[in-house]
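# What the coordinates show
Chain residues, written in single-letter form:
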Amino acid sequence: IIKMIVNKELIIDYLKSNQENIINDIRCLVEIPSIRDESTTDINQPFGIEIRNAFDKLIQIAKDKDFVVKDFDGYAIHIEYGEGEEVVGVLNHIDVVPIYNKELWKSKPFKVCQKDNYLYGRGVNDNKGPLIGILYALLFLRELNEKPKRKIRLIVGGAEETTWECMEHYFSVNEQPKFAFSPDGNFPIVNGEKGILYFNLRKKIDKDKFRNHNLVDIKSNKEDGFVCNKIEAVFKTNDKKDLVESLAYYTEIEELEEGKVLVRYTGERALSRNPHRSYNCAFSLAKDLEKIKKLNDKGVIIRDILNSYFTDDNHGKKLGIYKEDVDMGVSTICIMSIFLEKNELNMKIDFRYPKGISWEFITNRINEIGKKENLIVDIYKDLKLLYVKPDSELINKLSNAYKQGFGKEAELFTKGAASYARVLKNGVAFGPTIEGDNPNSHQANENISIDTLYKAIEVYIYALYSLAFQ
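Here goes a summary of the coordinates provided. (Residues numbered from 1 in each chain as written. Predicted model: local features only at pLDDT ≥ 70, side-chain atom pairs only at ≥ 80, totals over all residues. Heavy atoms only, no water.)

Where helix α7 (residues 281–291) meets helix α8 (residues 297–309), the axes come as close as 9 Å, and the angle between the chain directions of the two elements is 125 degrees. Classified by the angle their axes make, α7 and α8 are oblique. Crossing of α7 against α8: the hand is left-handed. Judged by residue contacts, Ala282, Ala286, Leu289 and Glu290 of α7 engage Gly299, Ile302, Arg303, Leu306 and Asn307 from α8. The residue inventory of the contact of α7 with α8, partitioned by class, reads five nonpolar, two polar and two charged. (Axes fitted to C-alpha atoms, helices over the stretch in contact; angles between N-to-C directions. Helix = DSSP H or I, 4+ residues; strand = E, 2+ residues; numbered from the N terminus. Parallel < 35°, antiparallel > 145°, perpendicular 65-115°, else oblique. Left-handed = near helix turned anticlockwise from the far one by under 90°. Contact = heavy atoms within 4.5 Å. Nonpolar A, V, L, I, M, F, W, Y, C, P; charged D, E, K, R; others polar.)

Of all hydrophobic cores here, the largest spans 91 residues; its most connected members are Leu141, Phe181 and Phe430. Sequence-distant contacts of phenylalanine 181, defined by excluding residues within four places in its chain, comprise Gly89, Val90, Leu91, Ile134, Leu398, Val428, Phe430, Tyr460, Ala463, Leu464 and Leu467. Among the nonpolar cores identified, the runner-up in size contains 44 residues, and Leu197, Phe199, Tyr265 and Ile357 belong to it. (Core = buried A, V, L, I, M, F, W, Y, C linked by side-chain atoms within 4.5 Å. Buried < 20%, exposed > 50% of the residue type's maximum accessible area, 1.4 Å probe, protein only.)

By secondary structure assignment, the location of asparagine 364 is in helix α9 (residues 359–373). What makes asparagine 364 partly exposed here is its relative accessible area of 46%.

In total, this model carries two cavities of 30 Å³ or more according to the counting rule given. What the largest cavity holds in volume is close to 50 Å³. Taken together, Phe199, Leu201, Ile305, Tyr309, Phe310, Leu319, Ile366, Ile369 and Leu375 form the lining of the largest cavity. Looking at the lining of the largest cavity residue by residue, the class counts come to nine nonpolar, no polar and no charged. In this structure, the second largest cavity encloses a volume near 40 Å³. Taken together, Tyr118, Asn125, Pro432, Thr433, Asp437, Pro439, Asn447, Ile448, Ser449 and Thr452 form the lining of the second largest cavity. Put simply, the parts of the chain that give the lining of the second largest cavity at least two residues each are β23 (432–433) and β24 (447–449). The greatest single-element share of the lining of the second largest cavity, amounting to three residues, is contributed by β24. Taken together, the residues of the lining of the second largest cavity break down into four nonpolar, five polar and one charged. (1 Å grid on protein atoms, 1.4 Å probe; cavity = no way out; pocket = protein on both sides within 12 Å on 5 of 7 lines; lining within 4 Å. Points joined across faces, edges and corners; volume = space filled by probe spheres on them.)

Next comes the structure, spelled out in C-alpha cells:
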C-alpha cells in the first residue's frame, strides 16, 4: 500500500480545487481536430497541421505549469518530471479518429459539452482526457516536495490511431522505461492485448458467364475498425420475380432500370475487434447468393469465397487460424468491407489473435488460401500481441494502486484493442474506463464521466508514486 503521504482526502481536495482547470485544459485540446492529414505534412509536422497544432497547445499547457518539455520532430513529445537514470513512462496520444457519422452526434464533436456530470467530445476519453489527467497527477506529485527515485515521462505520440511510426521514432532516440503504462484502456489492468492483422483480399474476375441472375456490383461501408453493416448489391436479371423470391436475408429491395435490382443488407454497427457482439451483413449477402439458382460466375466465385472462409464464423475456424488461449481468450475475425467494382473483388479483414499461435503460421495460412483461390493478399496493419505475466513487479505495483483507489483486488484481462503498451518492453494499458462506462470511443457521442476521470487520476497518483518514488 502507498505511503500515507499520498492519501485519498488530500487527492480529493486537490481535484476539487483544480476541477475547472482540468476541464478547461481538456476543452482546449478537444477543440483542435487532431486528425491525421497527409495533405498538410511538413517539417516538424509529419502527421499534418492539426496534430502539430494539438502538440503546440499541449506544450503550452505543460510549460505554463513549469514542466520540462521536449519535442521529437513532431512525431512525439515528452513532458518530464524528476531525475534519475531509470524512467517511468506514461504513454498517451494526441491524435483522434475522424467523425464518421456527424448526424449521430448530439453535440459538436470538437467542442466539449458538459452534461449530467459527463464530458462529450471527440478525444475526451481517447485520449485527451486521460492525457490531461496524467498531467495533473504529475502536478500533485510535484507539490509533495519529495524527490522521486526515477524520472517520470509523459510520452505523447501523434499517430496512434494510424501507423504508430511516432513511437518508432521516439524510441529510436530514447530508452525504454523500466516501468510504464498507457491510460488508454480499461481498469483494472489489461495485461494482454491480442495481435492484430488487417489484410486485404483482392481478386480480378475478368471472365464472367451471364446467366439468369447476375451479380454485377457490391458496395459496403468503408470504415476500417468496424463490422461490415451496410451493403448494396446490384443484380442484373432476366426474371425479377424469380430473383426476389429467391432472396431471404435482405433488408430492402429497389428496382432499377434496364433489368437491374438493388438489394440492401443491414447488419449491426460495432467495432470489428468484437464481431461476436453484432451481425455482419456480408453473411446475409453470402446466404442469399447461396439461394439464387442460375447465378453468374462472379456471383458464384464471391459466394464460394464467403461461405468457404467467413460466413457465420467470428473466430477464424474456416480459415484455419482459430486459437483459444487460457489467459487471453479466443481469436476473432471480421469482414470490415466488401466491394465488387470494375471486375475486382476487394475485401478488408480484421483478425485478432492470442498467444499460442505464431504470426508466421497465420500469415502462411492466409497466403495459402490466397494462392488456392487466386487472391492477392495485402497485410496493411500488423501489431504484435502484448502479454505481461501476472507475477511481474509492474503488475504488483499497479494492482496495489488499484486496490487503494477502488478498495478491491485488481483483476487482469485481455482486450482486442490496441494501446501504446504494445511498444513497451514492460508496460500495460491501465484505465481509465470503469466497468459500466460506455465511452463510445471511435464512435458518435464519445464521452467520459467526470467521476471516472477523477477516480482514474487518483489511481494514477498512487501508481506513479509507487513506480517512481518507492
